[in-house]
Amino acid sequence: MTSQATRVLVLNSGSSSVKYQLLDMRDGTRLAVGLVERIGERASRLVHTPSGGGAEKRERTERIADHEQALKAVAGELARDGIGLDSPELAAIGHRVVHGGPEFSAPTLIDDAVLAEIERLVPLAPLHNPANITGIRTARALRPDLPQVAVFDTAFHSTMPEDAARYAIDTGTADAHRIRRYGFHGTSHAYVSRRAAELLGRPPEELNLIVLHLGNGASASAVAGGRCVDTSMGLTPLEGLVMGTRSGDIDPAVVFHLERVAGMGTDEIDELLNKKSGLMGLCGDNDMREILRRVDGGDAAATLAFGIYIHRLKKYIGAYYAVLGRVDAVVFTAGVGENAAPVRAAAIAGLGGLGLVVDAELNAVRSGEPRLVSPGHARVAVAVVPTDEEMEIARGTFALVDA
Ligand SMILES: Nc1ncnc2c1ncn2[C@@H]1O[C@H](COP(=O)(O)OP(=O)(O)O)[C@@H](O)[C@H]1O
Ligand SMILES: CC(=O)OP(=O)(O)O
Ligand SMILES: [Mg+2]
């Protein structure tokens with residue numbers, strides 16, 4: 001790596017999309033942000049926004065057959081702005097990898113052995129890891145000489161004590177199959193915990209936080225002194241909160257019942273719980289904006305879906321309050337947490353006895369900045385802190401290659 005190589009390209013490859021950012025780690029400048037979506041469909045879409053210099057957003061709709069073609073299209077857009085993959089200023093490519101299993105608890109330089117291990121973990125994250133692997137393979141083919149770094153969703157949660165990480169099932173079976181709670185969205189929980197400490201003007205080591213990452217996938221975590229002590233997702237990203245299309249917590253016997261009584265197969269049940277449940281399963285919509293519109297219009301299914309979503313969220317706030325013993329702040333983040341004021345208000349409503357109160361006026365403010373939504377006199381702060389998983393991945397990547 002040359003001394004002027006300070007840029008990191010971050011790739012967050014999903015099953016049918018690639019989100020990317022090019023960052024300069026000298027000062028955290030964002031040089032480009034973009035998204036390729038509907039990969040494999042007839043009309044895929046690429047949106048590329050070069051930052052600074054008043055450059056215009058560019059948008060294209062065309063067929064992009066696979067992740068390899070998507071990455072080549074991204075490389076083409078970056079090259080057009082003179083910041084292509086061949087630039088000597090590029091230090092590394094950082095990849096979001098969702099499941100790191102028991103092996104990976106820190107950003108890791110990718111070689112053949114690491115890639116093989118990430119592949120071995122596919123059964124534990126069938127929706128996520130395969131896309132991450134394709135992203136890595138393609139990026140390696142485009143720039144074989146460049147360091148490629150994997151940053152794992154599970155890493156931040158590796159500090160969970162065994163009491164929180166173990167399921168109460170037969171230990172031999174659990175160990176033989178690596179069955180335990182791993183947790184996800186870790187880069188978000190880590191980044192948001194740090195930014196929340198800055199907002200509160202206190203060192204992270206002194207703080208107990210409940211972080212609520214509410215996006216399409218959603219998870220809660222209890223963070224004590226900057227370390228995760230419990231989180232709501234488990235072996236896979238299916239456990240915990242009600243999500244856009246995932247059920248979150250259910251009695252595992254529901255699965256046996258569906259097999260024995262409803263005659264459903266394992267793959268069918270997997271698809272039901274991961275893709276046809278949650279808000280989508282309850283009311284036919286997974287976009288919180290649409291659900292809030294329907295609730296306002298008095299729609300009964302949307303109102304029930306919202307109620308179930310909020311009830312589960314409250315249960316986790318209460319549970320993590322008890323796990324932590326003392327809470328300094330409850331922090332909302334991700335698409336729903338950052339933007340949906342009614343979700344924040346409803347989740348905190350009635351928790352005055354725990355010192356949790358939301359100020360209606362502060363909660364209604366729309367802003368991209370970290371901010372408090374609790375009144376000045378509140379015993380426990382309630383905050384909104386926009387997440388930035390790409391920046392956290394870039395930090396982890398650059399720290400490794402710059403060492
Ligand atoms: N203004 C808004 N009000 C309510 N919900 C919103 C708003 N903007 C975005 N969202 C919600 O955020 C969700 C996406 O969150 P995001 O963190 O981007 O998810 P992911 O990264 O999992 O795709 C959408 O499903 C949408 O419901
Ligand atoms: C792990 C996970 O649930 O990720 P996402 O929210 O991006 O689906
Ligand atoms: Mg997300």
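Residues numbered from 1 in each chain as written. Chains lettered and ligands numbered in written order. Predicted model: local features only at pLDDT ≥ 70, side-chain atom pairs only at ≥ 80, totals over all residues. Heavy atoms only, no water.

## Points about the site of ligand 2
Now for step 1: As a structural note, the neighbourhood of ligand 2 is formed by Arg-96, Val-98, His-128, Asp-153, Phe-184, His-185, Gly-217, Met-233, Pro-237 and Arg-246.
Now for step 2: In this structure, Arg-246 approaches ligand 2 through a side-chain N or O atom, which is 2.7 Å from an oxygen atom.
Now for step 3: Alone, ligand 2 offers 260 Å² of accessible surface; in the complex the protein occludes 82% of this.
Now for step 4: Of the residues belonging to the shell around ligand 2, the class tally is four nonpolar, three polar and three charged. (Near = heavy atom within 4 Å. Polar contact = N/O pair within 3.5 Å; in protein donor to acceptor, adjacent residues only side chain to side chain. Areas by Shrake-Rupley, 256 points an atom, 1.4 Å probe, with all protein chains shown as cover. Nonpolar A, V, L, I, M, F, W, Y, C, P; charged D, E, K, R; others polar.)

## Let's talk about the pairing of strand β8 (residues 148–152)
Now for step 1: Among the five residues in β8, five count as buried, and that is most of the element.
Now for step 2: Summarising the sheet, strand β6 (residues 90–97) and β8 pair through five bridges and their orientation is parallel. Paired with Arg-96 across the bridge in β8 is Val-151.
Now for step 3: With two bridges joining them, strand β7 (residues 108–109) and β8 adopt antiparallel strand pairing. Bridging from a neighbouring strand, Thr-108 pairs with Ala-150 of β8. (Buried < 20%, exposed > 50% of the residue type's maximum accessible area, 1.4 Å probe, protein only. Helix = DSSP H or I, 4+ residues; strand = E, 2+ residues; numbered from the N terminus. Pairing = 2+ DSSP bridges.)

## Focus on the site of ligand 1
Now for step 1: The immediate surroundings of ligand 1 are formed by 14 residues, with Asn-216, Asp-287, Met-288, Arg-289 and Gly-335 found nearest.
Now for step 2: In the environment of ligand 1, an oxygen atom lies 3.0 Å from a nitrogen or oxygen atom belonging to the side chain of Asp-287.
Now for step 3: Val-336 places a main-chain nitrogen or oxygen 3.4 Å from an oxygen atom of ligand 1.
Now for step 4: In isolation ligand 1 exposes 580 Å². Once the protein is present, 72% of that is buried.
Now for step 5: Those elements that place two or more of their residues in the shell around ligand 1 are α10 (288–296) and α12 (334–339).
Now for step 6: With four residues, α12 is the single largest residue contributor to the shell around ligand 1.
Now for step 7: Looking at the shell around ligand 1 residue by residue, the classes come out as four nonpolar, six polar and four charged.

## Overview of the packing of aromatic side chains
Now for step 1: Under the counting rule described, the total for this entry stands at two aromatic pairs.
Now for step 2: Residues Tyr-316 and Tyr-320 carry aromatic rings whose centres are separated by 5.7 Å and whose planes lie at 70° to one another, so their mutual orientation is edge-to-face. Of this pair, Tyr-316 and Tyr-320 both sit in helix α11 (residues 300–324), four residues apart, which is roughly one turn of that helix. By the burial criterion, Tyr-316 is buried, and Tyr-320 matches it. (Phe/Tyr/Trp six-rings, centres within 6.5 Å; stacked < 30°, edge-to-face > 60°.)

## Let's talk about the UniProt feature "active site" (unreviewed entry) in the chain
Now for step 1: Under the feature "active site" (unreviewed entry), the UniProt entry names Asp-153.
Now for step 2: Here Asp-153 shows up in the loop between β8 and α4 (162–165).
Now for step 3: The exposure class assigned to Asp-153 is buried, which follows from its relative accessible area of 0%.
Now for step 4: Ignoring any residue separated from it by four or fewer positions in sequence, one finds Asp-153 in contact with Arg-96, Val-97, Val-98, Gly-183, Phe-184, His-185, Gly-186 and Thr-187.
Now for step 5: A polar side-chain atom of Asp-153 sits 2.7 Å from a polar atom in the side chain of Arg-96. (UniProt positions renumbered as here; feature names shortened; annotations may be inferred. Contact = heavy atoms within 4.5 Å.)

## A word on unusual backbone geometry
Now for step 1: At Arg-38, a residue that is not glycine, the phi angle is positive and equals roughly 55°.
Now for step 2: One can find Arg-38 in the loop between β3 (29–37) and β4 (44–50).
Now for step 3: We note that Arg-178 has phi near 55°; this positive angle belongs to a residue other than glycine.

## Structural notes on the sheet that holds β4
Now for step 1: Within the open sheet, the eight strands sit side by side as β5-β4-β3-β2-β1-β6-β8-β7. Their pairing is mixed. Looking at strand neighbours, the two that pair on one side only are β5 (58–62) and β7, the edges of this open sheet.
Now for step 2: Here strand β1 (residues 7–13) pairs with strand β2 (residues 18–24) via seven bridges, running antiparallel. Residue pairing for β2: Val-8 is matched across the bridge by Leu-23.

## A look at the domain arrangement of the chain
Now for step 1: Domain annotation of the chain identifies domain 1 (7–152) and domain 2 (201–389).
Now for step 2: Listed per partner, the contact involves eight residues of domain 1 and eight residues of domain 2.
Now for step 3: The largest per-residue losses of area from domain 1 upon contact with domain 2 belong to Leu-124, Leu-127 and His-128, which jointly make up 56% of the total buried on that side.
Now for step 4: A salt bridge links Arg-30 to Asp-388, with the shortest nitrogen-to-oxygen separation between them at 2.5 Å.
Now for step 5: Taken together, the residues of the side of domain 1 that touches domain 2 break down into three nonpolar, three polar and two charged. (Domains from an automatic or database assignment. Buried area = accessible area lost by both parts, 1.4 Å probe. Salt bridge = Lys/Arg side-chain N within 4 Å of Asp/Glu carboxyl O.)

## Comments concerning the sheet that holds strand β10 (residues 218–224)
Now for step 1: Read across the sheet, six strands follow the order β11-β10-β9-β12-β14-β13 without closing on themselves; strand pairing throughout is mixed. Both outer strands of the open sheet, β11 (227–231) and β13 (371–372), are each paired with one neighbouring strand and no more.
Now for step 2: Bridge count for β13 against strand β14 (residues 381–384) is two bridges, and the pairing is antiparallel. Bridging across to β14, Arg-371 finds its partner in Val-384.
Now for step 3: Packing of α11 onto the sheet brings it into contact with β9 (208–214), β10 and β11, and relative to β9 it is tilted by some 160°. (Axes fitted to C-alpha atoms, helices over the stretch in contact; angles between N-to-C directions.)

## Structural notes on helix α1 (residues 67–80)
Side chains three or four residues apart in an α-helix point the same way, a direct result of the helix having 3.6 residues per turn.
Now for step 1: Between its first and last C-alpha atoms α1 spans 20 Å; for 14 residues at 1.5 Å apiece the expected length is 20 Å, and the two agree.
Now for step 2: When α1 is considered as a whole, its buried residues turn out to be His-67, Ala-70, Leu-71, Ala-73, Val-74, Ala-75, Glu-77 and Leu-78.
Now for step 3: As for α1, its buried residues are in contact with β1, β2, β3, β4, β5 and α3 (129–142). (Expected span 1.5 Å × (residues − 1).)

## A short note on the nonpolar core
Now for step 1: Core analysis: the largest hydrophobic core is formed by 43 residues, its most contacted members being Ile-210, Leu-212, Leu-214, Met-288, Tyr-309, Val-343 and Leu-356.
Now for step 2: Among the elements of the structure, β9, β10, α9 (278–283), α10, α11, β12 (329–333), α13 (341–348) and β14 are those that each provide at least two residues to this core.
Now for step 3: Take this core: its biggest share by element is eleven residues, from α11.
Now for step 4: Filtering out sequence-adjacent residues up to four positions away, Val-343 remains in contact with Leu-214, Met-288, Phe-306, Tyr-309, Ile-310, Leu-313 and Val-336.
Now for step 5: Judged by nonpolar contacts, the second largest core, of 33 residues, contains Val-192, Ala-196, Ala-197 and Ala-383. (Core = buried A, V, L, I, M, F, W, Y, C linked by side-chain atoms within 4.5 Å.)

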